[in-house]
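# An overview of the molecular structure
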Amino acid sequence: TQLLKQSPQFLSIQEGENLTVYCNSSSVFSSLQWYRQEPGEGPVLLVTVVTGGEVKKLKRLTFQFGDARKDSSLHITAAQPGDTGLYLCAGEVQGGATNKLIFGTGTLLAVQP
Amino acid sequence: NAGVMQNPRHLVRRRGQEARLRCSPMKGHSHVYWYRQLPEEGLKFMVYLQKENIIDESGMPKERFSAEFPKEGPSILRIQQVVRGDSAAYFCASSRQLNEKLFFGSGTQLSVL
């Protein structure tokens, strides 16, 4: 069974602080996606990383895909209350139907004003 | 352009009843995916359909669960003889082509009494 473990599970920080969320697996994925989910809503795609070692930036968010394509990290600089939400990583299974995603366990982020 | 529409948003059923969850993909999208989010667990893939065809149902429980995506009308996820363990948020996602971005609906929260 392919598993994606995220850490930390919960994170409560003050506005302006930096944070990093980790997504780890023993399996190799052909690509990895990061989503943000708000209460009562579906996940919204933030970014897709495909190449080992790839780094992508989205404003204050920096995403990195590990060299071996088994892990990923999300770094948020100067967090704002609007960043509050559940962050999910999702790996695309190698050799399987595209978009059959394995989702991580999630990191619940609360940014206090 | 309306997003992925799921209804109902909330569904309450008693044990033994049937639950029907509907999903209308985004306009122009012919690929539909169903995921289930159990309490304290991550999103789990259930089934992938294209118009009139089930492509991958490897995540569907063997009994009581079925899915369809007819030529006309929404995709339907049907759960017969529901049990308490079926209580979860069920999310539908769609994409235009196989390798393209997934858009998720807001989900149906199923509660089995």
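To start, this report covers the structure provided alongside it. (Residues numbered from 1 in each chain as written. Chains lettered and ligands numbered in written order. Predicted model: local features only at pLDDT ≥ 70, side-chain atom pairs only at ≥ 80, totals over all residues. Heavy atoms only, no water.)

## Looking at the pattern of salt bridges
Operational definition: Salt bridge, as used here: a side-chain nitrogen of Lys or Arg that lies within 4 Å of a carboxyl oxygen of Asp or Glu. Starting at the N terminus, helices and strands are each numbered in turn, a helix being any DSSP run of H or I of at least four residues and a strand any DSSP run of E of at least two. Classification of residues uses two cut-offs on accessible area relative to the type maximum, computed with a 1.4 Å probe and protein chains only: under 20% is buried, over 50% is exposed, and between them is partly exposed.
Throughout the structure, instances matching the rule amount to eight salt bridges over all chains. In this structure, A:K100 engages B:D56 in a salt bridge whose closest nitrogen and oxygen atoms are separated by 3.5 Å. Pair noted here: A:K100 is in the loop between β9 (85-93) and β10 (101-103) and B:D56 is in strand β6 (residues 53-56), and the two residues belong to different chains. On the basis of relative accessible area, B:D56 is assigned to the buried category, the value being 14%. For B:R96, the salt bridge goes to B:E100, with nearest N and O atoms at 3.1 Å. Judged by relative accessible area, which is 46%, B:R96 ranks as partly exposed. For B:E100, a relative accessible area of 28% gives the class partly exposed. Within the structure, one salt-bridge network assembled from shared partners comprises B:E18, B:R20 and B:R78.

## So, the sheet that holds strand β8 (residues 71-76) of chain A
Strand pairing in a sheet takes place through backbone hydrogen bonds and is either antiparallel or parallel in direction. All names here are of chain A. This is how it is decided: Here, a strand pair is defined by DSSP locating no fewer than two bridges between the strands. Between the N-to-C directions of two axes lies an angle of 0 to 180 degrees, each axis being a line fitted to C-alpha atoms and, for a helix, fitted only over the stretch in contact.
In spatial order, the strands read β1-β3-β8-β7-β6; together these five strands make up an open sheet with antiparallel pairing. Lying at the two open borders of the sheet, with one neighbouring strand each, are β1 (5-7) and β6 (55-58). Taking the axes of each pair of neighbouring strands and ignoring which way they run, one obtains an average angle of 15° across the sheet. Here six bridges tie strand β3 (residues 19-24) to β8, and the two strands are oriented antiparallel to one another. Across the sheet, C23 pairs through a bridge with S72, a residue of β8.

## Things to note about the interface of chain A and chain B
Which entries qualify depends on this criterion: It only takes one pair of heavy atoms within 4.5 Å for two residues to be counted as in contact. A simple way to read buried area is as the amount of 1.4 Å-probe accessible surface that goes missing from two parts once joined, with both sides added. Two N or O atoms count as a polar contact when they lie within 3.5 Å, although within protein this holds only if one can serve as hydrogen donor and the other as acceptor, and sequence-adjacent residues are included solely when both atoms are side-chain atoms. Residue polarity follows a fixed list, in which Ala, Val, Leu, Ile, Met, Phe, Trp, Tyr, Cys and Pro are nonpolar, Asp, Glu, Lys and Arg are charged, and the others, Gly among them, are polar.
With 16 residues of chain A at the interface, the matching set in chain B holds 20 residues. Taken together, both faces of the contact between chain A and chain B bury some 1,400 Å²; the carbon and sulfur share is 53%. Counting the contacts that link chain A with chain B gives six residue pairs in polar contact (both at pLDDT 80 or more). Contributing elements (two or more residues each) for the side of chain A that touches chain B: β4 (29-37), β9 and β10 of chain A. The residue makeup of the side of chain A that touches chain B, split by class, is eight nonpolar, six polar and two charged.

## Observations regarding the state of the cysteines
Applied cut-off: The rule for a disulfide is simple: a pair of cysteine sulfur atoms within 2.5 Å.
Inspection of every chain in the model, using the stated rule, returns two disulfides over all chains. In this model, A:C23 is linked to A:C89 through a disulfide, with the two sulfur atoms separated by 2.0 Å. Measuring handedness by torsion sign, the sulfur bridge of A:C23 and A:C89 sits at about 80° and is right-handed. Taken together, the residues span a long stretch of sequence, with A:C23 in strand β3 and A:C89 in strand β9 at a distance of 66 residues. Residue class for A:C89 comes out buried when judged on its relative accessible area of 0%. A sulfur-sulfur separation of 1.8 Å characterises the disulfide bridge that pairs B:C23 with B:C92. Where B:C23 bonds to B:C92 through sulfur, the torsion about that S-S bond is close to -55°, and the disulfide is left-handed. Remark: B:C92 occurs in strand β9 (residues 88-95) and B:C23 occurs in strand β3 (residues 19-24); sequence separation between them is 69 residues.

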